[in-house]
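What the coordinates show
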Amino acid sequence: QQPVQSPQAVILREGEDAVINCSSSKALYSVHWYRQKHGEAPVFLMILLKGGEQKGHDKISASFNEKKQQSSLYLTASQLSYSGTYFCGTEIGSYNTDKLIFGTGTRLQVFP
Amino acid sequence: NAGVTQTPKFRILKIGQSMTLQCTQDMNHNYMYWYRQDPGMGLKLIYYSVGAGITDKGEVPNGYNVSRSTTEDFPLRLELAAPSQTSVYFCASKTGAKETQYFGPGTRLLVL
């Protein structure tokens with residue numbers, strides 16, 4: 001049931017763009033994106049809900065394809081502060097369950 | 001407003017010992033969660049609660065117990081600690097459905 005994230009790791013120069021994907025074998029009600037820096041707690045970035053509702057960060061965008069059971073996180077004009085590991089958390093099913101199953105993670109490093 | 005607090009920050013246990021990890025939130029959130037994160041891995045849900053007196057199992061509940069007698073507190077009990085329980089434990093809370101989870105700083109546990 002664990003969603004699969006791709007790529008596993010990304011290396012960028014400042015100002016470059018990146019896309020991180022989260023794919024599930026099950027139907028999804030919502031996808032939550034978090035960033036975690038080494039030794040710290042995950043920090044919320046975005047929520048994408050079935051039906052198109054979104055909440056989150058104004059400098060990061062994401063998409064949710066319900067039919068394909070996939071979500072993508074778009075990081076544009078990356079900054080050094082974007083470095084960290086990105087996780088998607090998925091609510092599996094057709095309705096709200098309040099439980100998140102987290103993906104495998106994507107490690108992003110941004111260099112000057 | 002302290003958010004989600006966890007104690008202790010770090011603990012070493014011997015095999016077979018027991019301990020309680022404390023989690024408190026001051027945001028009046030109904031929903032609370034316990035996750036574990038093994039090195040280089042994603043978060044796995046242990047137990048969660050949708051309100052005082054209500055708890056339910058997550059993906060990896062074996063070896064753990066929880067209780068929720070108040071809205072603010074959600075302690076996690078480890079009975080008979082095993083090396084496989086070496087991990088970082090995160091507590092999280094949220095206000096309700098369709099909302100993000102806010103994470104505490106984590107408790108690093110080493111079982112030797």
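The rules behind each value
- Residue positions are given per chain, counted from 1 along the sequence in the order it is written.
- All chains are assigned letters beginning at A, and all ligands numbers beginning at 1, according to the order in which they are written.
- Given that this is a predicted model, residues contribute local features only at a pLDDT of at least 70 and side-chain atom pairs are listed and counted only at 80 or more, while totals for whole chains, interfaces and linings are drawn from all residues.
- The basis for every side-chain value is the complete set of heavy atoms in the structure, and neither hydrogens nor water enter the calculation.
- Ring pairs are drawn from Phe, Tyr and Trp, using the six-membered ring of Trp, whenever the two centres fall within 6.5 Å, and their geometry is named by plane angle: stacked under 30 degrees, edge-to-face over 60, tilted for the rest.
- Classification of residues uses two cut-offs on accessible area relative to the type maximum, computed with a 1.4 Å probe and protein chains only: under 20% is buried, over 50% is exposed, and between them is partly exposed.
- For helices the rule is a DSSP run of H or I covering at least 4 residues; for strands it is a run of E covering at least 2, with both sets numbered from the N terminus onward.
- For the purposes of this section, nonpolar cores are sets of buried Ala, Val, Leu, Ile, Met, Phe, Trp, Tyr and Cys residues that join through side-chain atoms within 4.5 Å.
- A residue counts toward a patch only above 30% relative accessible area and without a salt bridge, and it is joined to like-charged neighbours within 9 Å or, for Val, Leu, Ile, Met, Phe, Trp and Tyr, to nonpolar neighbours within 5 Å.
- To measure how exposed things are, a 1.4 Å probe is used in the Shrake-Rupley method; for residues, cover is taken only from the protein chains shown.
- Salt bridges are defined by distance alone: a side-chain nitrogen of Lys or Arg within 4 Å of a carboxyl oxygen of Asp or Glu.
- A pair of strands is treated as paired once DSSP finds two or more bridges between them.
- Each polar contact in these results corresponds to two N or O atoms within 3.5 Å; when the atoms are within protein, one needs to be able to donate a hydrogen and the other to accept it, and residues that are neighboring in sequence are counted only if both atoms are side-chain atoms.
- We call two residues in contact when some of their heavy atoms are within 4.5 Å.

Examining the packing of aromatic side chains
Residues and elements named next belong to chain B. Going through the model one piece at a time under the given rule, you end up with nine aromatic pairs over all chains. Note on Tyr 33 and Tyr 35: the rings are 6.2 Å apart at their centroids and 20° apart in plane angle, and the pair reads as stacked. When its relative accessible area of 0% is taken as the criterion, Tyr 33 is described as buried. Using a relative accessible area of 0% as the deciding quantity, one classes Tyr 35 as buried. When the centroid spacing of 6.0 Å and the interplanar angle of 10° are considered together, the rings of Tyr 33 and Tyr 48 count as stacked. Of this pair, Tyr 33 sits in strand E4 (residues 31-37) while Tyr 48 sits in strand E5 (residues 43-51); the two residues are 15 residues apart in sequence, bridging distant segments of the chain.

Structural notes on the nonpolar core
In terms of nonpolar packing, the biggest core is built from 23 residues, with Trp 33, Leu 45, Met 46, Leu 73, Leu 75, Tyr 86 and Leu 108 of chain A touching the most fellow members. Counting residues per element, the ones that place at least two in this core are strand E2 (9-13), strand E3 (18-23), strand E4 (28-36), strand E5 (43-49), strand E7 (61-65), strand E8 (70-75), strand E9 (84-92) and strand E11 (106-111) of chain A. Counting residues in hydrophobic clusters, the runner-up holds 19 residues, among them Val 4, Cys 23, Tyr 47 and Ala 81 of chain B.

A few points about a nonpolar patch on the surface
Residue and element names in this part refer to chain B. On the surface, Phe 10, Ile 12 and Leu 112 cluster together into a nonpolar patch covering about 310 Å² of accessible area. Residue placement: Phe 10 occurs in strand E2 (residues 10-13). Taking relative accessible area as the criterion, Phe 10 reaches 45% and is therefore assigned partly exposed.

Comments concerning the pairing of strand E9 (residues 87-94) of chain B
On a regular strand, one side chain projects to one face of the sheet and the next to the other, so that they alternate. Residue and element names in this part refer to chain B. The element E9 is largely enclosed, with a buried count of eight among its eight residues. With burial as the criterion, each face of E9 is covered, one bearing Ser 87, Tyr 89, Cys 91 and Ser 93 and the other bearing Val 88, Phe 90, Ala 92 and Lys 94. Here seven bridges tie E4 to E9, and the two strands are oriented antiparallel to one another. Bridging from a neighbouring strand, Tyr 33 pairs with Ala 92 of E9. For E9 and strand E11 (residues 107-111), the ladder comprises three bridges, and the chain directions are antiparallel. For Tyr 89, the partnering residue across the bridge sits in E11 and is Thr 107. Examined bridge by bridge, E9 and strand E10 (residues 102-103) share two bridges and lie antiparallel to one another. Within E10, the position partnered with Ala 92 by the bridge is Phe 103.

Examining the side chain of Ser 30 of chain A
Residue and element names in this part refer to chain A. Summarising the element assignment, Ser 30 is placed in strand E4. Looking at Ser 30, its side chain comes within polar contact range of the side chain of His 32, at 3.1 Å. Of note is the side chain of Ser 30, whose polar atom sits 2.6 Å from the side chain of Glu 91. Excluding residues within four positions of it along the chain, Ser 30 makes contact with Leu 48, Leu 49, Phe 64, Gly 89, Thr 90 and Glu 91.

Topic: unusual backbone geometry
The amide bond that connects Ser 6 of chain A to the next residue, Pro 7 of chain A, takes the cis arrangement and shows omega of -5°. Counting through the fold element by element, Pro 7 of chain A comes out in the loop between strand E1 (4-6) and E2. Backbone geometry at Ala 77 of chain A places phi at a positive 50°, although glycine is not the residue there. Assignment of secondary structure puts Ala 77 of chain A in the loop between E8 and E9. Judged by its relative accessible area of 44%, Ala 77 of chain A is partly exposed. Positive phi is not limited to glycine here, since Asn 28 of chain B has a value of about 60°. Structurally, Asn 28 of chain B can be placed in the loop between strand E3 (19-25) and E4. Assessed through its relative accessible area of 59%, Asn 28 of chain B is described here as exposed.

Shape descriptors only; they carry no functional weight alone.
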